[in-house]
Amino acid sequence: MKHERVTFDSDGATLVGNLYLPDTTAGSVPGVVVAGTWTSVKELMADRYAQRLAGHGYAALSFDFTGFGESEGEPRDVENPARKVTDIHHALTFLAAHPAVDRDRLAELGICAAAMYMADNAAHDPRVKALALVAPWLHDAAICEAAYGGADAVADRIKMGREARARYDETREVDYVPVVSTIDPRAAMPYDIDFYLNPARGGIPAWPNRFAVMAWPDWLSYDALSLAPRITQPTVIVHSTDAAIPEGARRFHAGLAGPRDILWSQGTQFDFYDQEPQVTTATDTVAAHLGRHLRQ
């Protein structure tokens, strides 16, 4: 495949991405914007999926969100759903203008948390003709309470987040904790997760493993399930009952307004990021879905 390092504007911030193109193109090809887990940089899993989709004949763009990785933006490493949806909108604008891309055949692929952000953009962006979600993390208030230890635990995180935001507004200092840690109970995910801690997988220098505490209120109040009735584009979901919150995927799928399909595969959440056969199963399913719905 061909690879281009690209930059584009998102409300004043210059974002950095990787555009993967098929080896040979006869005219313009369909384009797909790809993004991954919360706090992630493009190298964690978005690049992998974009490369695979280029092998299937698509122009696939992975990129770092505002304030993450190589992209501009302050404060750094803040999980801001609204900002990420805006970035996706501008990524589509960039992709639509690329000479190798057919602007009338655009799609989105979201892995884990990016499933929520891709869904949000698709709900109000008619340029998106097809949507694909792999191992999607899709939550509402009830799912957050179940995932984070109950209503009191959620309220405590929201309170910490608001206090951290107030400190930032006053001092411009960001209160960070690890995203993943086996020893720090303040971590966003205080667990032994090999994908994030293993340097041979996701524990890479480009990913700083830090979570801005001020992000908790926006994250925990985000309602992705309410988006489903507004999504009319053909949507495919690839998930597993052993992956994260399958109930969210079921409820989201049931609420979709347009054509929908769901593949229940095997594997843990983290297998879908970089392991086989999960990555191949997911990309083949996504490519087939896009092939059906991005026709000439």
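The rules behind these values
Residues numbered from 1 in each chain as written. Predicted model: local features only at pLDDT ≥ 70, side-chain atom pairs only at ≥ 80, totals over all residues. Heavy atoms only, no water. Helix = DSSP H or I, 4+ residues; strand = E, 2+ residues; numbered from the N terminus. Expected span 1.5 Å × (residues − 1). Buried < 20%, exposed > 50% of the residue type's maximum accessible area, 1.4 Å probe, protein only. Polar contact = N/O pair within 3.5 Å; in protein donor to acceptor, adjacent residues only side chain to side chain. Contact = heavy atoms within 4.5 Å. Axes fitted to C-alpha atoms, helices over the stretch in contact; angles between N-to-C directions. Parallel < 35°, antiparallel > 145°, perpendicular 65-115°, else oblique. Left-handed = near helix turned anticlockwise from the far one by under 90°. Nonpolar A, V, L, I, M, F, W, Y, C, P; charged D, E, K, R; others polar. Phe/Tyr/Trp six-rings, centres within 6.5 Å; stacked < 30°, edge-to-face > 60°. Lys NZ or Arg CZ within 6 Å of the ring centre and 35° of its normal. Pairing = 2+ DSSP bridges. Right-handed = clockwise from strand over helix to strand, strands pointing away.

*Asks:* So what about helix 2 (residues 81–97)? Which residues, and what values?
*Replies:* The end-to-end C-alpha distance of helix 2 is 25 Å, a good match for the 24 Å that 17 residues give at a rise of 1.5 Å each. Among the residues of helix 2, those classed as buried are Pro81, Lys84, Val85, Asp87, Ile88, His90, Ala91, Leu92, Phe94, Leu95 and Ala96.

*Asks:* Give me the side chain of Glu79: which residues, what numbers.
*Replies:* Mapped onto the elements, Glu79 comes out in the loop between strand 4 (59–63) and helix 2. A residue is classified by how much of its surface remains accessible, and Glu79, at 1% relative accessible area, is buried. Only 2.8 Å separates the side chain of Glu79 from the backbone nitrogen of Thr39, close enough to count as a polar contact. Among the polar contacts made by the side chain of Glu79, one reaches the side chain of Tyr117 at a distance of 2.7 Å. If sequence neighbours within four positions are ignored, Glu79 has contacts with Trp38, Thr39, Phe68, Lys84, Tyr117, Phe211, Ala215 and Trp219.

*Asks:* Pulling in residues and values, what's your account of the packing of helix 2 against helix 3 (residues 114–124)?
*Replies:* At their nearest, the axes of helix 2 and helix 3 sit 9 Å apart, and the two run at 60° to each other. Classified by the angle between their axes, helix 2 and helix 3 sit oblique to one another. Remark: the crossing between helix 2 and helix 3 carries right-handed chirality. Note on element contacts: helix 3 touches helix 2 through Tyr117, Met118, Asp120, Asn121 and His124, opposite Pro81, Lys84, Val85, Ile88, His89 and Leu92. Residues that form the contact of helix 2 with helix 3 fall into these classes: 6 nonpolar, 3 polar and 2 charged.

*Asks:* Give a detailed account of the packing of aromatic side chains, specifying residues and quantitative values.
*Replies:* Inspection of every chain in the model, using the stated rule, returns 15 aromatic pairs. With centroids separated by 5.7 Å and ring planes inclined at 80°, the aromatic side chains of Phe270 and Tyr273 adopt a geometry described as edge-to-face. An aromatic cluster of three or more residues is present, and its members are Trp38, Trp137, Tyr148, Phe211, Trp216 and Trp219. For the cation-ring pair, Lys84 lies above Phe68, with the distance from its terminal atom to the ring centre recorded as 4.4 Å.

*Asks:* Let's hear about the pairing of strand 9 (residues 235–240): which residues, and what values?
*Replies:* For strand 9, a buried count of 6 out of 6 residues is recorded, marking the element as mostly surrounded by other parts of the structure. Burial along strand 9 is two-sided: Thr235, Ile237 and His239 and Val236, Val238 and Ser240, pointing in opposite directions, are all buried. Taken together, the 4 bridges between strand 6 (residues 128–134) and strand 9 define a ladder with parallel strand orientation. Among the inter-strand pairings, Leu131 is bridged to a residue of strand 9, identified as Thr235. Across 6 bridges, the pairing between strand 9 and strand 10 (residues 260–265) is parallel. Residue Ile237 lies in a different strand from strand 10, and its bridge partner there is Ile262. In the classification by handedness, the crossover that spans strand 9, the intervening helix 8 (residues 246–255) and the parallel strand 10 is right-handed.

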